[in-house]
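# Residue-level structural notes
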Amino acid sequence: MSRVDKSEQQRLSVFKTYKLYVGGKFPRSESGRVYEVSDSKGKWLANAPLSSRKDARDAVVAARKAFGAWSGATAYNRGQILYRVAEMLEGRKSQFVHEVADAEGLSKSKANELVEATIDRWVWYAGWTDKIAQVVGGGNPVAGPYFNLSSPEPTGVVTVLAPQESSFLGLVSVIAPVIATGNTAIVIASEKSPLPALSLGEVLATSDLPGGVVNVLSGRTAEIATPLASHQDVNAIDLAGAGDVLAKELEIAAADNLKRVLRPQPVDDWRATPGIERMTAFLETKTVWHPTGSLGASGSAY
């Protein structure tokens, strides 16, 4: 046997260390805890960080810090950045196919279809960033010498509970509409299948998305979501990945500071073309009145 063959046999694989994604960085959990993630057949895949309440609070600080610049960016610029994320996902498609296949117990061909649908979904929302205002905003007819204009504005910091079963397509389907409209997000990855979400953090970090716009936490969904639901600096919460009992508890906790709450919606097939409901769920409407000035004898006005 040649020397090259021996070195190849003796080489040890480099196992991936999954970390949280908070504020554009990759910290380990403050608690130092991890939990085992297995595939659909019970085979060990990796150790994922087990986020703590402190990690959740750090994510809120990062999301709030990023909100001003992200919400103040032009809609066109946000669309460009989201499209750049789709480009990065396309370049790492094979990695996500592997992770989705393991996470959801799918063949490589089925996983490939889901990953391609996920990339297309991201592009779809990238195209909506500078169009949603035209759909839900506009001029309002009023009786008087006024312009009356309504325009949508982002709600703020949004906690998103990712779907438990759809580890990648469902994940992107709840993240993209939140940030496309100028909000910042704290994402709680699927408890059972968090690896695609943690890998998505690596894609976001190497795209043009500013740090803190999306923050990804993994661990026990109830343990992380409970402090976020009652956090005074979180403006809204999407309960997509919560069961009935947990959703009710979080809804009660969220009422304390009048958070917007998007209750769990039954989704038969995440591949179906989404409407705009997830975008409008986290938008506020600002209405501005502006006098047109006195009408002259000719009936003209400015």
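For the structure itself, look to the data block above.
Worth saying up front: this structure is predicted, and the values here are computed from it rather than measured. (Residues numbered from 1 in each chain as written. Predicted model: local features only at pLDDT ≥ 70, side-chain atom pairs only at ≥ 80, totals over all residues. Heavy atoms only, no water.)

## Observations concerning the sheet that holds strand S5 (residues 157–161)
Overall, parallel pairing links the five strands, which are arranged S7-S6-S5-S8-S9 in an open sheet. Each edge of the sheet is formed by a strand with only one pairing partner; in this case those strands are strand S7 (214–217) and strand S9 (260–262). Here the strands of the sheet are splayed against their neighbours by 15° on average, with no regard to which way each runs. One ladder, built from five bridges, connects S5 with strand S6 (residues 184–188); its direction is parallel. If you follow Thr159 over to S6, its bridge partner there is Ile186. Along the sheet face, helix H2 (residues 53–72) touches S5, S6 and S7 and points at about 155° away from the line of S6. (Pairing = 2+ DSSP bridges. Helix = DSSP H or I, 4+ residues; strand = E, 2+ residues; numbered from the N terminus. Axes fitted to C-alpha atoms, helices over the stretch in contact; angles between N-to-C directions. Contact = heavy atoms within 4.5 Å.)

## Digging into the pairing of S5
Most of S5 sits inside the fold, with five of its five residues counted as buried. Of the two faces of S5, the one holding Val157, Thr159 and Leu161 and the one holding Val158 and Val160 are both buried throughout. One crossover worth recording links S5 to the parallel S6 by way of helix H7 (residues 169–180), and it is right-handed. Pairing of S5 with strand S8 (residues 236–238), which is carried by three bridges, proceeds in the parallel orientation. For Thr159, the partnering residue across the bridge sits in S8 and is Ile237. (Buried < 20%, exposed > 50% of the residue type's maximum accessible area, 1.4 Å probe, protein only. Right-handed = clockwise from strand over helix to strand, strands pointing away.)

## Some points on the packing of aromatic side chains
This structure, assessed with the given rule, holds five aromatic pairs. Relative to Trp44, the ring of Phe15 has its centre 6.1 Å away and its plane inclined at 70°; by these criteria the two rings are edge-to-face. Of this pair, Phe15 sits in the loop between helix H1 (3–10) and strand S1 (34–38) while Trp44 sits in strand S2 (residues 44–49), placing them 29 residues apart in sequence. Ring geometry for Trp124 and Tyr125: centres 5.0 Å apart, planes at 90°, overall edge-to-face. Three or more aromatic residues joined by ring pairs form one cluster here, namely Trp124, Tyr125 and Trp128. Positioned above the aromatic ring of Phe67, the side-chain terminus of Arg64 is 5.7 Å from the ring centre. If you follow Arg220 out to its NZ or CZ, it ends over the ring of Tyr35, 4.6 Å from the centre. (Phe/Tyr/Trp six-rings, centres within 6.5 Å; stacked < 30°, edge-to-face > 60°. Lys NZ or Arg CZ within 6 Å of the ring centre and 35° of its normal.)

## A look at unusual backbone geometry
Unlike most non-glycine residues, Leu258 shows phi in positive territory, near 60°. With respect to the helices, strands and loops of the structure, Leu258 is situated in the loop between helix H10 (244–254) and S9. When its relative accessible area of 74% is taken as the criterion, Leu258 is described as exposed.

## Observations concerning the packing of helix H3 (residues 75–91) against helix H5 (residues 108–128)
At a minimum axis distance of 8 Å, the contact between H3 and H5 shows a crossing angle of 170°. The orientation of H3 relative to H5 falls into the category roughly antiparallel. Contacts from Gly79, Leu82, Tyr83, Val85, Ala86, Leu89 and Glu90 of H3 reach H5 at Ile119, Trp122, Val123, Tyr125 and Ala126. Class assignment of the residues belonging to the contact of H3 with H5 gives a composition of 10 nonpolar, one polar and one charged. (Parallel < 35°, antiparallel > 145°, perpendicular 65-115°, else oblique. Nonpolar A, V, L, I, M, F, W, Y, C, P; charged D, E, K, R; others polar.)

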